[in-house]
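# Examination of the molecular architecture
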Amino acid sequence: MRVEKDARLRSDAQANRERILEVALAELTRSADVPLSTIAKKAGVGQGTLYRNFPSREALVLEIYRHEMLQVADIAAELLRTRAPDEALREWMGHLARFAMAKAGLADALHKALSTTCGQKKPGHGQMTEAVALLLKANEEVGTIRPDVTTDDFLLAISGLWQISPDDQGPVRARRLLDLVMDGLRVGAPAAARPGSTADTES
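What counts, and at which threshold
- Residues numbered from 1 in each chain as written.
- Predicted model: local features only at pLDDT ≥ 70, side-chain atom pairs only at ≥ 80, totals over all residues.
- Heavy atoms only, no water.
- Axes fitted to C-alpha atoms, helices over the stretch in contact; angles between N-to-C directions.
- Helix = DSSP H or I, 4+ residues; strand = E, 2+ residues; numbered from the N terminus.
- Parallel < 35°, antiparallel > 145°, perpendicular 65-115°, else oblique.
- Left-handed = near helix turned anticlockwise from the far one by under 90°.
- Contact = heavy atoms within 4.5 Å.
- Nonpolar A, V, L, I, M, F, W, Y, C, P; charged D, E, K, R; others polar.
- Buried < 20%, exposed > 50% of the residue type's maximum accessible area, 1.4 Å probe, protein only.
- Polar contact = N/O pair within 3.5 Å; in protein donor to acceptor, adjacent residues only side chain to side chain.
- Salt bridge = Lys/Arg side-chain N within 4 Å of Asp/Glu carboxyl O.
- Core = buried A, V, L, I, M, F, W, Y, C linked by side-chain atoms within 4.5 Å.
- Domains from an automatic or database assignment.
- Phe/Tyr/Trp six-rings, centres within 6.5 Å; stacked < 30°, edge-to-face > 60°.

Per an unreviewed UniProt entry, the protein goes by DNA-binding transcriptional regulator, AcrR family and derives from Streptomyces melanosporofaciens.

Structure below.
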């Protein structure tokens, strides 16, 4: 009986945490200065519950960003199971672009949180780097991209995504940027000269 009660309490606590993150993401995207009391109220929890999970505004913002970045990173492995490596890479880049524009409103809140935490790296950075490395390695193995591309090269090349305004032209500009990056990755690819290679196919 005690075990069932403890399991129920843990389940309720996890549900509260997920609800707080969901509401906080929506509210902080609209305004970086939304009161935490407003987030707690809309999430249907007391302020004490919110602070037990996230002791400060900075902790909440960083956890939101980490959670969202991990979801994008996890998509890489899923795409590689169902797509050719170059198709998986280009599609993943599209997911990242949509994430970047959808979360543009969170940028102010994240900047404030990072400033308060003494220059801490953006959360989820390690997992994102691993996802990029996985995609690049898969492409290198089949020769669909040039063999000398590093994760740092790639991340620097797509960094412009975070500068694109999430307006009506945002998706068009992001698609053009990523197509240019993908074209650059294919220059000098061993498979590029082989007839019928997916490296010659537009994603």
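Looking now at the packing of helix α4 (residues 57-82) against helix α7 (residues 125-142). Following both chains from N to C, one finds α4 and α7 inclined at 20°, their axes separated by 8 Å at the closest point. For the element pair α4 / α7, the angle class is roughly parallel. Of the two possible hands of crossing, α4 and α7 adopt the one that is left-handed. Facing Met-69, Leu-70, Val-72, Ala-73, Ala-76, Ala-77 and Leu-80 of α4, the residues of α7 in contact are Gln-127, Met-128, Ala-131, Leu-134, Leu-135 and Ala-138.

The subject of this paragraph is the side chain of Glu-27. Assignment of secondary structure puts Glu-27 in helix α1 (residues 2-30). The contact partners of Glu-27, leaving out residues within four places of it in the chain, are Val-34, Thr-38, Ile-39 and Lys-42.

Okay, the packing of helix α5 (residues 85-102) against helix α9 (residues 170-186) next. In helix packing, the relevant descriptors are the interaxial angle and the interaxial distance, both defined with respect to the helix axes. Relative orientation of the contacting elements α5 and α9 amounts to 145°, with a least axis distance of 10 Å. Where α5 crosses over α9, the two elements pack in a sense that is right-handed. Along the contact surface, α5 presents Asp-86, Leu-89, Arg-90, Met-93, Gly-94, Ala-97 and Met-101, while α9 presents Gly-170, Pro-171, Ala-174, Arg-175, Leu-178, Asp-179, Val-181, Met-182, Leu-185 and Arg-186. Classifying every residue of the contact of α5 with α9 gives ten nonpolar, two polar and five charged.

When you line up the elements, Arg-146 lands in the loop between α7 and α8 (151-157). Classification of Arg-146 by relative accessible area gives partly exposed; the value is 32%. Separated by 43 residues in sequence, Arg-146 and Ala-189 place their C-alpha atoms 4.1 Å apart. Residues in contact with Arg-146, not counting those within four places in the same chain, are Glu-140, Gly-184, Leu-185, Val-187, Gly-188 and Ala-189. Within polar-contact distance, the side chain of Arg-146 engages the side chain of Asp-148 at 2.8 Å.

Turning to the pattern of salt bridges, a few remarks are in order. The final tally for this structure, using the stated rule, is eight salt bridges. The partner of Arg-17 in a salt bridge is Glu-63, with the nearest N and O atoms 3.5 Å apart. Highlighted residues: Arg-17 in helix α1 and Glu-63 in helix α4, separated in sequence by 46 residues. One salt bridge in this structure joins Asp-148 and Arg-146, with 2.8 Å as the shortest N-O distance. Asp-148 gets classed as partly exposed once you look at its relative accessible area, which sits at 45%.

Another aspect to go through is the nonpolar core. Grouped together as the largest cluster of nonpolar side chains are 56 residues, with contacts concentrated most on Leu-28, Ile-39, Leu-60, Trp-92, Met-93, Phe-154 and Leu-161. Of all the secondary-structure elements, those providing two or more residues to this core are α1, α2 (36-43), α4, α5, α6 (107-116), α7 and α9. Per-element tally for this core: the top contributor is α4, with eleven residues. Mapped onto the domain boundaries, this core takes at least three residues apiece from domain 1 (1-55) and domain 2 (57-187). Residue contacts for Leu-161: discarding those within four places in its chain leaves Leu-96, Ala-97, Ala-100, Ala-174, Leu-177 and Leu-178.

In total, this model carries three aromatic pairs according to the counting rule given. A ring pair is formed by Trp-92 and Phe-154, whose centres lie 6.5 Å apart and whose planes are at 40°; its orientation type is tilted. Pair noted here: Trp-92 is in helix α5 and Phe-154 is in helix α8, with a separation of 62 residues, a long-range link. Residue class for Trp-92 comes out buried when judged on its relative accessible area of 0%. Relative to Trp-162, the ring of Phe-99 lies with its centre 5.9 Å away and its plane at 80°, an arrangement referred to as edge-to-face. Residue Phe-99 is found in helix α5, and its partner Trp-162 is found in the loop between α8 and α9; the two are separated by 63 residues along the sequence.

A few words now on the environment of Thr-82. Looking at the secondary structure, you find Thr-82 in helix α4. Here Thr-82 falls in the exposed class, since its relative accessible area comes to 55%. Of note is the side chain of Thr-82, whose polar atom sits 2.8 Å from the side chain of Arg-83.

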